[in-house]
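# An overview of the molecular structure
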Amino acid sequence: MDRLTNTIRPYAWGSTTALPALLGVEPTGEPQAELWMGAHPGAPSRVDRGAGERSLAEVIAADPEGELGAATVAKFGPGLPFLFKILAAGAPLSLQVHPDLAQAKAGFEEEERRGIPIDAGHRNYKDPNHKPEMICAITTFEGLCGFRSPQASADLFEGLGVGSLKPYADVLRAHPEEAALREVLTAVLTADREQMARTVAETAATAAHLGGEYATYAALAHEYPGDPGVLAAMLLNHVRLQPGEALFLGAGVPHAYFDGLGVELLANSDNVLRAGLTPKHVDVPELLKIVRFEPSDPAVMRPEGDGGEEVYEAPIDEFRLSRFLLAPGGAPHVLADGAPQILLCTAGSAQAGELTLTPGGSAFVPAGEKVELSGNGTVFRATVVV
């Protein structure tokens with residue numbers, strides 16, 4: 001197994017303190033948003049097997065079956081199927097959705113055909129893969145997930161008493177659910193920008209005055225003045241996860257994260273279609289092809305287990321997330337699997353084979369390698385289902 005050296009991504013929405021506090025280092029003063037663990041070409045982890053550091057992506061590419069196992073390669077191809085992250089939100093992330101596999105492949109091929117550079121600001125599809133994901137709270141974690149019922153959104157709009165919101169509320173009450181959500185989101189995102197900026201400003205002022213459940217939208221408007229994503233956010237469920245709770249987000253589910261530290265596990269992709277709360281590119285026609293206009297209650301998950309490995313069940317094979325709450329003096333957990341694994345310590349101290357992991361420390365375990373895990377702390381395990 002290999003200790004991983006990982007890259008921190010300094011996105012503007014990142015917390016300046018959460019990751020340094022977890023890692024036990026001094027803050028730099030700059031936002032530190034995501035710590036990536038895995039083999040995604042955007043920021044692959046690095047390992048040292050005695051000849052200096054090498055990219056984990058290069059190590060896997062040199063011997064896919066040896067590193068990932070024959071079953072993983074047969075099912076997913078010669079690359080690590082998942083990307084593991086620690087996410088530290090200090091400000092709202094963009095309101096976004098992810099494509100399903102067919103949409104990602106088609107979108108990627110079309111943008112390749114058009115010759116759009118991978119790093120172009122207006123590129124939607126960075127790779128031909130889908131991006132289902134799971135977020136598990138390390139601290140209290142706040143965000144948006146999925147559409148609330150149109151009636152509930154209409155109540156929210158009407159409660160503000162802002163005249164320019166009334167047409168949206170009327171549509172939400174009058175039309176079938178899917179049609180109503182599609183029509184209102186489309187109208188919000190395609191409205192005249194100056195007119196929308198005035199509506200958002202009036203909404204924000206009223207929301208700040210009312211407080212309570214409206215405080216969230218006032219805060220969003222403070223971060224992104226005039227952004228239509230503020231109104232789009234009012235169509236979504238507001239969720240607050242407690243430590244250890246998780247959400248699974250499939251293709252087409254609109255979501256955004258606001259605040260907190262969490263473990264994120266996702267298919268090995270960086271495809272994002274944005275709807276707002278961002279200065280980045282928003283492709284409304286493409287977004288509307290991807291969004292699933294289905295209201296639902298957020299299914300907050302808790303791990304299932306008997307005191308050993310606690311599993312967060314998800315309807316996906318590219319990744320499997322579980323957690324170990326290690327106690328001193330307890331019998332070691334023997335982790336033997338025909339699939340690759342990444343182990344991540346988030347609290348206390350853990351002994352994984354010969355490696356000692358402290359918060360933020362992680363290790364890659366090639367397929368077929370047996371590891372004994374013990375200590376006094378919390379360890380998350382990422383692997384695949386084969």
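Residues numbered from 1 in each chain as written. Predicted model: local features only at pLDDT ≥ 70, side-chain atom pairs only at ≥ 80, totals over all residues. Heavy atoms only, no water.

This next bit is on the environment of S374. Position of S374 relative to the elements: it lies in strand β20 (residues 371-383). By relative accessible area, S374 is classed as partly exposed at 23%. Separated by 278 residues in sequence, S374 and Q96 have C-alpha atoms that sit 38 Å apart. The residues contacting S374, other than those within four sequence positions of it, are L326, P332, S349, A350 and Q351. (Helix = DSSP H or I, 4+ residues; strand = E, 2+ residues; numbered from the N terminus. Buried < 20%, exposed > 50% of the residue type's maximum accessible area, 1.4 Å probe, protein only. Contact = heavy atoms within 4.5 Å.)

On to the packing of aromatic side chains, then. Counting across every chain of the model gives 5 aromatic pairs. The interplanar angle of 25° and the centroid separation of 5.5 Å between the aromatic rings of F147 and F293 together place this pair among those described as stacked. Here F147, found in strand β9 (residues 141-147), pairs with F293, found in the loop between α12 (284-290) and β14 (309-312); they are 146 residues apart in sequence, far enough to count as distant. When sorted by exposure, F147 lands in the same class as F293, which is buried. Ring centres of F248 and F319 lie 6.4 Å apart, and the angle between their planes is 50°; on these two criteria the pair is classed as tilted. (Phe/Tyr/Trp six-rings, centres within 6.5 Å; stacked < 30°, edge-to-face > 60°.)

This part takes up helix α10 (residues 215-223). Those residues of α10 that sit buried are T216, Y217, A218, L220 and A221. Lining the buried residues of α10 we find β9, α6 (150-160), α9 (193-210), α11 (229-233), β10 (236-241) and β12 (255-267).

Moving on to the pattern of salt bridges. All chains considered together, the criterion is met by 19 salt bridges. Note that K85 is salt-bridged to E264, the shortest N-O span being 4.0 Å. Taken together, the positions of K85 in strand β6 (residues 82-89) and E264 in strand β12 put the pair 179 residues apart, joining distant regions of the chain. Summarising the burial analysis for this pair, K85 and E264 share the class buried. As a salt-bridge pair, R123 and E111 come within 3.1 Å of each other at their nearest N and O atoms. Taken together, the residues span a long stretch of sequence, with R123 in the loop between α5 (101-113) and β8 (133-137) and E111 in helix α5 at a distance of 12 residues. (Salt bridge = Lys/Arg side-chain N within 4 Å of Asp/Glu carboxyl O.)

Turning our eyes to something else, we now look at unusual backbone geometry. The residue L277 is not glycine, and still its phi comes out positive at about 55°. Secondary-structure assignment places L277 in the loop between β13 (273-276) and α12.

Let us now look at α6. Regarding α6, the residues found buried are P150, S153, A154, L156, F157 and L160. Looking straight down α6, one finds that the buried residues subtend no more than 160° of arc, so they occupy a single side. Against α7 (166-174), α8 (177-190), α9, α10 and α11 lie the buried residues of α6. Backbone geometry just downstream of α6 places G161 in the positive-phi region, at approximately 65°. (Arc of directions from axis to C-beta.)

It is worth spelling out the pairing of strand β3 (residues 34-37) at this point. By the alternation rule, side chains of β3 split into E34 and W36 and L35 and M37, which are all buried. Sheet analysis places strand β2 (residues 7-9) next to β3, joined by 3 bridges and oriented antiparallel. If you follow I8 over to β3, its bridge partner there is L35. Examined bridge by bridge, β3 and β6 share 4 bridges and lie antiparallel to one another. Bridge pairing links L35 to I86 in β6. (Pairing = 2+ DSSP bridges.)

On to the state of the cysteines, then. The final tally for this structure, using the stated rule, is 0 disulfides. For C145, which is in no disulfide, the shortest distance to another cysteine sulfur is to C136 and amounts to 14 Å. Owing to a relative accessible area of 7%, C145 belongs among the buried residues under this scheme. (Disulfide = S-S within 2.5 Å.)

Direction vectors running N to C along α7 and α8 enclose 160°, while the axes themselves pass 8 Å from each other. Viewed along their axes, α7 and α8 adopt a mutual orientation that is roughly antiparallel. Seen from above, α7 lies across α8 with right-handed handedness. In contact with Y168, V171 and L172 of α7, α8 contributes A180, L181, E183, V184, A187 and V188. When grouped by side-chain class, the residues that make up the contact of α7 with α8 number 8 nonpolar, no polar and 1 charged. (Axes fitted to C-alpha atoms, helices over the stretch in contact; angles between N-to-C directions. Parallel < 35°, antiparallel > 145°, perpendicular 65-115°, else oblique. Left-handed = near helix turned anticlockwise from the far one by under 90°. Nonpolar A, V, L, I, M, F, W, Y, C, P; charged D, E, K, R; others polar.)

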